[in-house]
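# Architecture and fold: a report
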Amino acid sequence: MSNMMRDSQIMAQTKDENLGYMSDMALELAQMAEDTGLATLAYLFRMAALEASTANSELNEPDDLPHQVTSH
């Protein structure tokens, strides 16, 4: 059981790092788009960064919904 817990912690940490990287990269792309006069593209990259950072914080909060879905 401890191997499964360790693996799940490693997977959660990797997902957390990936989301942080995606957020940072989207912000860099937004800045590059803004520098070249592409305001709409910059806006979209900023929204992607916000989405990644929001998903990142949601991973660290306990779920309010049940984990099992019933079919009815």
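Our structure is the block above this text.
The structure reproduced in this document is the subject of the present report. From a predicted model like this one, the values you see are computed outputs, not experimental measurements.

### Details of the pattern of salt bridges
When charged atoms on two side chains of opposite charge get close, those side chains can pair. Evaluation of the coordinates by the stated rule reveals 2 salt bridges. One salt bridge in this structure joins D7 and R6, with 3.9 Å as the shortest N-O distance. Overall, the relative accessible area of 44% leaves R6 in the partly exposed class. Between R46 and E34 there is a salt bridge; the shortest N-O distance is 2.7 Å. Residue R46 is located in helix α2 (residues 39–59), and its partner E34 is located in helix α1 (residues 2–35); the two are separated by 12 residues in the primary sequence. Residue R46 is classed as partly exposed on the basis of its relative accessible area, which comes to 31%.

### Comments concerning a nonpolar patch on the surface
The grouping of L38, L41, Y43, L44, M47 and L50 at the surface amounts to a nonpolar patch, some 570 Å² of accessible area in total. Inspection of the secondary structure puts L38 in the loop between α1 and α2. Residue L38 is classed as partly exposed on the basis of its relative accessible area, which comes to 44%.

### Here we look at α1
Spanning 34 residues, α1 covers 50 Å between terminal C-alpha atoms, matching the ideal 50 Å at 1.5 Å per step. For α1, the set of buried residues is L19, S23, A26, A30 and A33. Positive phi shows up at G37, right after α1, with a value of about 85°.

### Considering the side chain of S23
Its location among the elements puts S23 in helix α1. Look at S23 and you get buried, because its relative accessible area is 10%. Here the side chain of S23 touches A49 through a polar contact of 3.3 Å, landing on its backbone oxygen. Setting aside its immediate chain neighbours within four residues, S23 contacts A49, A52 and S53.

### Structural notes on the environment of L27
Inspection of the secondary structure assignment puts L27 in helix α1. It is 5.9 Å that separates the C-alpha atoms of L27 and R46, two residues lying 19 residues apart in sequence.

Rules behind the numbers
- Residues numbered from 1 in each chain as written.
- Predicted model: local features only at pLDDT ≥ 70, side-chain atom pairs only at ≥ 80, totals over all residues.
- Heavy atoms only, no water.
- Salt bridge = Lys/Arg side-chain N within 4 Å of Asp/Glu carboxyl O.
- Buried < 20%, exposed > 50% of the residue type's maximum accessible area, 1.4 Å probe, protein only.
- Helix = DSSP H or I, 4+ residues; strand = E, 2+ residues; numbered from the N terminus.
- Patch = residues over 30% accessible without salt bridge, like charges linked within 9 Å, V, L, I, M, F, W, Y side chains within 5 Å.
- Areas by Shrake-Rupley, 256 points an atom, 1.4 Å probe, with all protein chains shown as cover.
- Expected span 1.5 Å × (residues − 1).
- Polar contact = N/O pair within 3.5 Å; in protein donor to acceptor, adjacent residues only side chain to side chain.
- Contact = heavy atoms within 4.5 Å.

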